[in-house]
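Inside the fold
Residue-level listing of the chains:
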Amino acid sequence: MKIRINILPDAQKEERFTEQKIGAVLRFGLLICFVLAFFSSVLLVAQIILYADYKVAKAGSESRRQNVDKESDQAEQFLADINSLSQKINKTSDETPRWSKVFLRISQIAASDIKLTSVHVEKEHMKISGFSKTREAFLEFQEKLKGEGLKNLKSPVSNVVSPKDFDFEVKADIDKNYLNQP
């Protein structure tokens, strides 16, 4: 066991006690300053790292946005091209003559004594070739053709020379409006 004896006067004891308190306060203050400096440096490093990450993310975002804008422009151009092509197809479809209606009607008006061998078409002009068993059947077929709206119907005289079993050829023009009706 150790016994301590303090033989210092009371004034010095108080002075010493005060110095110890001031020393403790100063040590505590320095400790707080060091801790605050440490946390400040940690926050500063974190801020620098986050700012660098922010710059990288911003650059990546801008490049992605540019790519998206580029892809969007390409998609818009593609759709514009498709729209243009579809309009051209519609226009061409509207301008394409509908010969099926004419062919159907010609086959309907041809009597059983008439056999059509060929129908040649160029724009609004057509040439019908065939075989007729009788002159009367051919003349009736020719009259029905005139009644169907064919213009400039031309039939050579050789078509009616023979009374039976002959080949014929008829040329005619068709109204463009009639061909373009749906």
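Summary of the structure given here. (Residues numbered from 1 in each chain as written. Predicted model: local features only at pLDDT ≥ 70, side-chain atom pairs only at ≥ 80, totals over all residues. Heavy atoms only, no water.)

1. Notes on the sheet that holds strand β4 (residues 164-174)
Each strand in a sheet pairs with another by means of backbone hydrogen bonds, the pair being arranged parallel or else antiparallel. One open sheet holds the 4 strands; their spatial order is β1-β2-β4-β3, and the pairing between them is antiparallel. Each end of this open sheet is capped by a strand with a single partner; those strands are β1 (114-122) and β3 (150-154). Adjacent strand axes in the sheet meet at a mean angle of 25 degrees, parallel and antiparallel pairs treated alike. Of the strand pairs in this sheet, strand β2 (residues 125-134) and β4 are connected by 9 bridges, and their pairing is antiparallel. (Pairing = 2+ DSSP bridges. Helix = DSSP H or I, 4+ residues; strand = E, 2+ residues; numbered from the N terminus. Axes fitted to C-alpha atoms, helices over the stretch in contact; angles between N-to-C directions.)

2. Thoughts on the packing of aromatic side chains
Going through the model one piece at a time under the given rule, you end up with 5 aromatic pairs. With 5.9 Å between their ring centres and 55 degrees between their planes, Phe-38 and Phe-39 make a pair best called tilted. Phe-38 sits in the exposed class, given a relative accessible area of 53%. A centroid spacing of 4.9 Å and a plane angle of 45 degrees characterise the contact between Phe-138 and Phe-168, whose relative ring orientation is tilted. In this pair, Phe-138 sits in helix α3 (residues 135-147) while Phe-168 sits in strand β4, placing the two residues 30 residues apart along the sequence. (Phe/Tyr/Trp six-rings, centres within 6.5 Å; stacked < 30°, edge-to-face > 60°. Buried < 20%, exposed > 50% of the residue type's maximum accessible area, 1.4 Å probe, protein only.)

3. Side note on the nonpolar core
Side chains of a nonpolar character, in soluble globular proteins, are inclined to be buried together. Ranked by internal contacts, the top residues of the largest apolar core, which has 18 residues, are Ile-106, Ile-114, Met-126, Phe-141, Leu-145 and Phe-168. Of all elements in the fold, only α2 (99-109), β2, α3, β3 and β4 reach the threshold of two or more residues within this core. For this core, the leading source of residues is β4, giving 5 residues. (Core = buried A, V, L, I, M, F, W, Y, C linked by side-chain atoms within 4.5 Å.)

4. Some words on the environment of Ile-109
Along the chain, the position of Ile-109 falls in helix α2. The buried category is assigned to Ile-109, whose relative accessible area is 6%. Considering only alpha carbons, one finds Ile-109 and Asp-69, 40 residues apart in sequence, at a separation of 62 Å. When residues no more than four places from it in sequence are discounted, the contact partners of Ile-109 are Phe-141, Lys-144, Leu-145 and Glu-148. (Contact = heavy atoms within 4.5 Å.)

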